[in-house]
Amino acid sequence: MKTEILYQDQALLIVRKPSGLAVQTAAIGKPDVVSELKNALADRGRKGKDEPYLGIIHRLDQPVEGLLVFAKTKEAAAALTGQLARGELKKRYYAVVCGQPPRDQGELVDYLYKDKNQRAQILSPADSHFKEAKRAVLHYRIQQKASFGNYLLSLAEISIETGRFHQIRAQMAHAGMPLLGDVKYGNEESFQAAEKLGIGSAALCAFDISLRHPVTKRPMHFQIRPGAKAFSFFEIETDPKGSL
């Protein structure tokens, strides 16, 4: 199983999704996080019973690695979804971006819509009234900078107020900070840097998640260290054990 279970009890699962594995796919025979977890739950004493319940609370793009929370009961799913809607289930991301922005921290506010080619498109302020456009708010802070020959890279910590389709990848690229290895939203400079450095996937990791247990209400906090090669260019300190 590619998905790593970091914590589970009767109400929820906290897992690490690897880069390249979809959260859920309709393709027959292709692995995904949901099918792996359902198989794992079925193997733990549930064979011959109904398929185990697994509630998807939030998602990560297929190229992205990081932390995900799943509910094991409908009641837990409702409670966790409520936390997400109220901004109480908080996530932080690390991204390796190409270039070194003039400001080390900032807020990005854009209006996005998903086009027929499964790309997030950013509208100009004048077109933000477009009925399919959704407001996207992102905060970033540059943590470290590095240079490799002619290529400048920055490690950005990112949090989002809205969970839009491809939000981080599209907004950072639009702001002139494309993610290293992102073949969908990168530019010529980021493509060249990724090829030179041997990076084959978008350098984005959901490294930190905090929430309240849906039953006990106790605070829960987990962190992981990004495993992708792109992050090895920086010194990253995390608490991989998390706290309960």
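In this text, all values refer to a predicted model and were calculated from it rather than measured experimentally.

Rules used in this analysis
- Residues numbered from 1 in each chain as written.
- Predicted model: local features only at pLDDT ≥ 70, side-chain atom pairs only at ≥ 80, totals over all residues.
- Heavy atoms only, no water.
- Helix = DSSP H or I, 4+ residues; strand = E, 2+ residues; numbered from the N terminus.
- Phe/Tyr/Trp six-rings, centres within 6.5 Å; stacked < 30°, edge-to-face > 60°.
- Buried < 20%, exposed > 50% of the residue type's maximum accessible area, 1.4 Å probe, protein only.
- Lys NZ or Arg CZ within 6 Å of the ring centre and 35° of its normal.
- Core = buried A, V, L, I, M, F, W, Y, C linked by side-chain atoms within 4.5 Å.
- Contact = heavy atoms within 4.5 Å.
- Polar contact = N/O pair within 3.5 Å; in protein donor to acceptor, adjacent residues only side chain to side chain.
- Pairing = 2+ DSSP bridges.
- Expected span 1.5 Å × (residues − 1).

Some remarks on unusual backbone geometry
Reasoning step 1: The phi dihedral of Gln-118 falls on the positive side, at around 60°, and the residue is not glycine.
Reasoning step 2: Although it is not a glycine, His-166 sits at a positive phi angle of roughly 55°.
Reasoning step 3: Within the secondary structure, His-166 sits in the loop between β9 (151-160) and α3 (167-174).

Here we look at the packing of aromatic side chains
Reasoning step 1: Per the stated rule, a full pass over the model turns up three aromatic pairs.
Reasoning step 2: Here the aromatic rings of Tyr-7 and Phe-222 are separated by 6.0 Å at their centres, their planes lie at 45°, and the arrangement is tilted. Taken together, the residues Tyr-7 in strand β1 (residues 4-8) and Phe-222 in strand β11 (residues 219-223) connect sequence positions 215 residues apart.
Reasoning step 3: Classification of Phe-222 as buried rests on a relative accessible area of 5%.
Reasoning step 4: The side chain of Lys-114 reaches across the aromatic face of Phe-165, ending 4.7 Å from its centre.

Concerning the nonpolar core
Reasoning step 1: Within the largest apolar cluster, 36 residues are counted, with the highest numbers of intra-cluster contacts made by Ile-14, Val-69, Val-96, Leu-180, Leu-211 and Phe-231.
Reasoning step 2: Taken together, the elements giving at least two residues each to this core come down to β2 (12-17), β4 (65-71), α2 (74-86), β5 (90-98), β9, α4 (188-197), β10 (204-212) and β11.
Reasoning step 3: Of all the elements, β10 adds the most residues to this core, at four residues.
Reasoning step 4: For Val-69, the contacting residues outside a window of four places in its chain are Leu-13, Ile-14, Ile-57, His-58, Leu-80, Leu-89, Ile-209 and Leu-211.
Reasoning step 5: Judged by nonpolar contacts, the second largest core, of 28 residues, contains Val-15, Leu-21, Phe-70 and Leu-108.

Concerning the side chain of His-58
Reasoning step 1: With respect to the helices and strands, the residue His-58 is situated in the loop between β3 (55-56) and β4.
Reasoning step 2: Judged by its relative accessible area of 6%, His-58 is buried.
Reasoning step 3: At 3.1 Å, the side chain of His-58 forms a polar contact with the backbone nitrogen of Val-69.
Reasoning step 4: Discounting chain neighbours no more than four positions away, the residues touching His-58 are Leu-67, Leu-68, Val-69, Leu-84, Lys-91 and Ile-209.

A look at the pairing of strand β7 (residues 120-123)
Reasoning step 1: Note: strand β6 (residues 105-114) against β7, four bridges, orientation antiparallel. Within β7, the residue paired with Tyr-113 across the bridge is Gln-121.

What about the environment of Gln-143?
Reasoning step 1: Positionally, Gln-143 belongs in strand β8 (residues 134-148).
Reasoning step 2: The class for Gln-143 is partly exposed, based on a relative accessible area of 34%.
Reasoning step 3: Setting aside residues up to four positions removed in sequence, Gln-143 forms contacts with Tyr-94, Leu-155 and Glu-157.

Digging into helix α1 (residues 33-43)
Reasoning step 1: Those residues of α1 not exposed but buried are Val-33, Val-34, Glu-36, Leu-37, Ala-40, Leu-41 and Ala-42.
Reasoning step 2: Tucked into the core, α1 has its buried residues touching β1, β2, β3 and β4.

As for the environment of Val-137
Reasoning step 1: Locating Val-137 in the fold gives a position in strand β8.
Reasoning step 2: Since its relative accessible area comes to 2%, Val-137 is described here as buried.
Reasoning step 3: Taking the C-alpha atoms as reference points, Val-137 and Gln-171, separated by 34 residues in sequence, lie 8.9 Å from one another.
Reasoning step 4: Setting aside its immediate chain neighbours within four residues, Val-137 contacts Glu-107, Leu-108, Val-109, Ile-160, Glu-161, Thr-162, Gln-167 and Gln-171.

Describing α2
Reasoning step 1: Here α2 contains 13 residues, and its C-alpha end-to-end distance of 18 Å stays within 8% of the 18 Å for a straight helix at 1.5 Å per residue.
Reasoning step 2: Turning to α2, its buried residues are Ala-76, Ala-77, Leu-80, Gly-82 and Gln-83.
Reasoning step 3: Taken together, the buried residues of α2 touch β2, β4 and β10.

Topic: the pairing of β8
Reasoning step 1: Where β6 lies against β8, eight bridges are found, and the strand directions are antiparallel. Residue pairing in the sheet places Leu-108 in a bridge with Leu-138 of β8.
Reasoning step 2: The sheet contact formed by β8 and β9 spans ten bridges and is antiparallel. The partner of Lys-145 across the bridge, within β9, is Ser-154.
Reasoning step 3: The loop that links β8 with its antiparallel partner β9 comprises two residues; one of these, Gly-149, has a positive phi angle of about 65°.

Geometric descriptors of this kind do not, in isolation, establish any biological role.
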